[in-house]
Amino acid sequence: MANSTMVMEFLLLGSPDGWNMSFLYFMEFLLMYLSTLFGILLIIAVTSADQKLHTPTYFFLRNLSNFDMCFISITVPNDCVKSITINRAISVAGYSTQIFLVIFCACVELLFLSIMAWVHYVICQLLQYPIIMNPQFCVRMTLAILLSGLVYVCRCAHWEHLPAVLLQVQHDPSLLRLSCSDMTSNKVLILVSTVVV
């Protein structure tokens, strides 16, 4: 009879320094999170309110700021709450969702930064700038970036089972050969998809 354990949730480690330090960490991270959110919302408000800033560069900056806000909101609030509560468990579905959203936001942010660098290059080509940079182009590029991020996350979907496999290996060492046999191809796929992005 094989020893198989189904992983239903993961336990997040708390502060080893006790509850007082956990509360201090909670307050520190909460203040950093709120100040970061305030700064991002300020960027979005200023670039939206001022008509002179309705250019492609600031259009992409607003979108990048929106994804910055999503990126930090995926994990920080949940971790802050779990650091001071008794319940430190996170479900496998919640963990997978966080991983997918973090990968999606990171990929989209990298693509937005690449497009913003390209926009700055096009600005140097003064004759081509009005032809290339129009609102429809900016919207199409944003949609292409979102679709590329989604394709990248779907490509990474088979990696989400890795922690469960590693936990099962601890219970049954014979699974080690099974779980490590495909690691080289995974490493190559990670490298190739990172270079493509």
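Residues numbered from 1 in each chain as written. Predicted model: local features only at pLDDT ≥ 70, side-chain atom pairs only at ≥ 80, totals over all residues. Heavy atoms only, no water.

This part is about the overall build of the protein chain. Scanning the protein chain for helices and strands turns up eight helices and two strands. Traced from its N-terminal end to its C-terminal end, the protein chain shows the element sequence β-α-α-β-α-α-α-α-α-α. Across the 197 residues of the protein chain, 26% fall into the buried class. Sequence separation of 24 or more characterises 77% of the internal contacts of the protein chain that already satisfy a separation of 6 or more. If you sum the accessible surface of the protein chain, you get close to 12900 Å²; carbon and sulfur atoms cover 73% of it. (Helix = DSSP H or I, 4+ residues; strand = E, 2+ residues; numbered from the N terminus. Buried < 20%, exposed > 50% of the residue type's maximum accessible area, 1.4 Å probe, protein only. Contact = heavy atoms within 4.5 Å. Areas by Shrake-Rupley, 256 points an atom, 1.4 Å probe, with all protein chains shown as cover.)

Before going further, it helps to spend a moment on the side chain of T142. Relative to the helices and strands, T142 is located in helix α5 (residues 135–155). Among all residues touching T142, those that are not within four sequence positions of it are F59, F60, N63 and F112.

Attention now goes to the environment of S48. Its place among the elements puts S48 in helix α1 (residues 19–49). Residue class for S48 comes out partly exposed when judged on its relative accessible area of 35%. Along the primary structure S48 and F59 are separated by eleven residues, whereas in three dimensions their C-alpha atoms are 8.7 Å apart. Dropping the residues within four chain positions of it, S48 is found in contact with H54 and R62.

Before going further, it helps to examine the UniProt feature "transmembrane region" (unreviewed entry) in the protein chain. Feature annotation in UniProt assigns "transmembrane region" (unreviewed entry) to the following positions: residues 23–46, 99–119 and 131–153. Taken end to end, residues 99–119 is 100% helix and 0% strand, and its two terminal C-alpha atoms sit 30 Å from one another. (UniProt positions renumbered as here; feature names shortened; annotations may be inferred.)

Right, let's get into the packing of helix α2 (residues 56–84) against helix α3 (residues 92–124). Packed helix pairs are characterised by how far apart their axes lie and by the angle those axes make with each other. Interhelical geometry of α2 versus α3 gives an angle of 160 degrees and a closest axis separation of 9 Å. With respect to α3, the axis of α2 lies roughly antiparallel. Handedness of the crossing formed by α2 with α3: left-handed. Across the contact of α2 with α3, the residue classes tally to 20 nonpolar, six polar and two charged. (Axes fitted to C-alpha atoms, helices over the stretch in contact; angles between N-to-C directions. Parallel < 35°, antiparallel > 145°, perpendicular 65-115°, else oblique. Left-handed = near helix turned anticlockwise from the far one by under 90°. Nonpolar A, V, L, I, M, F, W, Y, C, P; charged D, E, K, R; others polar.)

Judged by nonpolar contacts, the single largest core of 21 residues is most densely connected at F60, F67, F104, V108, F112 and I145. Sorting the residues of this core by element identifies α2, α3 and α5 as the ones contributing at least two each. In terms of residues, this core owes the most to one element, α3, which gives ten residues. Apart from residues no more than four positions distant in its own chain, V108 is found in contact with F67, I145, L146 and G149. (Core = buried A, V, L, I, M, F, W, Y, C linked by side-chain atoms within 4.5 Å.)

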